[in-house]
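Letter by letter, the chains look like this.
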Amino acid sequence: MVDAIGAIGESIAHERSPTARMSALAIGKLGTSFGVEIDDIDVRRLNPDTESGLKAAIGEHRVVVIRNQSLTPTEQKTFSARLGPLVTLPYIKPLDAHPEIIAVLKEADEFKVSTFGSWWHADFSYLEAPPIYSILQAIELPPRGGDTLFADLCTAHDTLSAGMQRLLAPLQVMHSGAVYGTRAVADGAYGRARGVVIARGDPAADFERAHPLVRIHGPTGQRALFVNPTYTTRIAGMTVDESRPMLEFLYAHMTAPALTLRQRWRHGDLLIWDNRAVVHLAVNDYDGHRRLLHRTTAGSERPYSPATSTID
Ligand SMILES: [Fe+2]
């Protein structure tokens, strides 16, 4: 049965992109500037042409939804490892049998608690080499709600004035895992879902790390804003108070509705995004229902900027 949300998703026009023409993948655009869906592949059986086409699509479009997948944890890890070395993350307790997989879980009896990742962020942006690809598979979904929102950091950069771009290009900003969950909880929640166990006092997360405010997105060569209200603490060389006006402006600019995309989850969806070029959040609007997703993380890269223009 196709529900209303599914019908809306299926009514999206399938425009053929350059990647689709090259690789013969059936790719439908989801957003104006980024995001596509693919519904004719099985990621457990990728031939070399399909795999290269899929990788090109991820590089070009930054958010890719692959429909109708149902992967075991081992299959999800095997697929994820095709995108880059699997990353075992600090700070979050993984599945006992699969240390490379995080269960993103909120139980049906958890009311008014925060969903993991419920404010805008790039995954683990405070690491020295933050993850590139996050891969999220729907395991159990609420009947409605629990969507994931994305915002496009490349278009966010490109729609700033030339003067602002010049001002931002040489700046660095500080990121820290220690501030997760201590601010910017927008939904009135007063606790965190018990399904995601976060280690506090983890030295791998509890420090400030400087990254370029503007980074290069390697696959496209575009410039992307690399700040987020979950982990960014301040502009390097400035106090928190001094940094706040500029950072608040950037957060509002980069998450303007015109730059966002909404993933309405369907059973079987496998979602891949590039943390170098997008931020995301989980909408916490499904109290009374269980939501479980499995996340893997692949590849990592030390952000590099137009100022340095090198990877080191
Ligand atoms: Fe996340």
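Residues numbered from 1 in each chain as written. Predicted model: local features only at pLDDT ≥ 70, side-chain atom pairs only at ≥ 80, totals over all residues. Heavy atoms only, no water.

## Some words on the packing of aromatic side chains
What the rule picks out here adds up to three aromatic pairs. Here F124 and Y126 contribute two aromatic rings whose centre-to-centre distance is 5.7 Å and whose plane-to-plane angle is 55°, an arrangement assigned as tilted. Here F124 and Y126 have matching classes, each one buried. Three or more aromatic residues joined by ring pairs make a cluster, and in this case those are F124, Y126 and Y231. In this structure, K106 is placed above the aromatic ring of Y286, and the distance from its NZ or CZ to the ring centre is 4.6 Å. (Phe/Tyr/Trp six-rings, centres within 6.5 Å; stacked < 30°, edge-to-face > 60°. Buried < 20%, exposed > 50% of the residue type's maximum accessible area, 1.4 Å probe, protein only. Lys NZ or Arg CZ within 6 Å of the ring centre and 35° of its normal.)

## A look at the side chain of D269
Topologically, D269 is positioned in the loop between β12 (260-263) and β13 (270-274). The exposure class of D269 is buried, given its relative accessible area of 0%. A polar contact of 2.9 Å, which involves the side chain of D269, links it to the backbone nitrogen of R266. Apart from the residues lying within four places of it in its own chain, the contact partners of D269 are V65, I66, R67, L136, Q137, A138, Q263 and R264. (Helix = DSSP H or I, 4+ residues; strand = E, 2+ residues; numbered from the N terminus. Polar contact = N/O pair within 3.5 Å; in protein donor to acceptor, adjacent residues only side chain to side chain. Contact = heavy atoms within 4.5 Å.)

## Looking at the sheet that holds strand β8 (residues 209-212)
Backbone hydrogen bonds hold the strands of a sheet together, and the pairing may be parallel or antiparallel. Sheet architecture is open: three strands sit in the order β8-β7-β11, paired in antiparallel fashion. Among the strands making up the open sheet, the edge pair consists of β8 and β11 (232-235). This sheet shows a mean twist of 35° between the axes of neighbouring strands, independent of strand direction. As defined by bridge partners, strand β7 (residues 172-175) adjoins β8 across four bridges and the pair is classed as antiparallel. Opposite H175, over in β8, you have R209 as the bridge partner. Strands in contact with helix α7 (residues 240-254) are β7 and β11; relative to β11, the strand with the most contacts, it is inclined by about 110°. (Pairing = 2+ DSSP bridges. Axes fitted to C-alpha atoms, helices over the stretch in contact; angles between N-to-C directions.)

## Things to note about the nonpolar core
L168, L213, L225, V227, L250, M254 and V279 are the most contacted members of the largest nonpolar core, which totals 27 residues. Counting residues per element, this core draws most heavily on α7, at four residues. In this view, L250 contacts L160, L168, L213, L225 and V227; residues no more than four positions away in its chain are not counted. In this structure, I102, Y126, L127 and L141 belong to the second largest nonpolar core, which totals 24 residues. (Core = buried A, V, L, I, M, F, W, Y, C linked by side-chain atoms within 4.5 Å.)

## Re helix α3 (residues 48-61)
The end-to-end C-alpha distance of α3, which contains 14 residues, comes to 20 Å, matching closely the 20 Å that a straight helix rising 1.5 Å per residue would cover. Residues T50, E51, G53, L54, A57, I58, G59 and H61 constitute the buried set of α3. Residue N47 occupies the N-cap position of α3, its side-chain oxygen lying 3.0 Å from the main-chain nitrogen of D49. In the segment just after α3, R62 is the residue with positive phi, at about 75°. (Expected span 1.5 Å × (residues − 1).)

## Quick word on the pattern of salt bridges
In this structure the tally under the stated criterion is 20 salt bridges. Across the salt bridge formed by D42 and R44, the nearest N and O atoms sit 3.0 Å from each other. Look at D42 and you get partly exposed, because its relative accessible area is 23%. By relative accessible area, which is 41% here, R44 ends up partly exposed. Between E107 and R290 there is a salt bridge, and its shortest N-O distance comes to 2.8 Å. Within this pair, whereas E107 is found in the loop between β4 (102-106) and β5 (131-140), its partner R290 is found in the loop between β14 (278-282) and β15 (291-300), the two being separated by 183 residues in sequence. Residue classification places R290 among the partly exposed positions, given a relative accessible area of 28%. What emerges from the salt-bridge pattern is a single network uniting D42, R44, R45 and E75. (Salt bridge = Lys/Arg side-chain N within 4 Å of Asp/Glu carboxyl O.)

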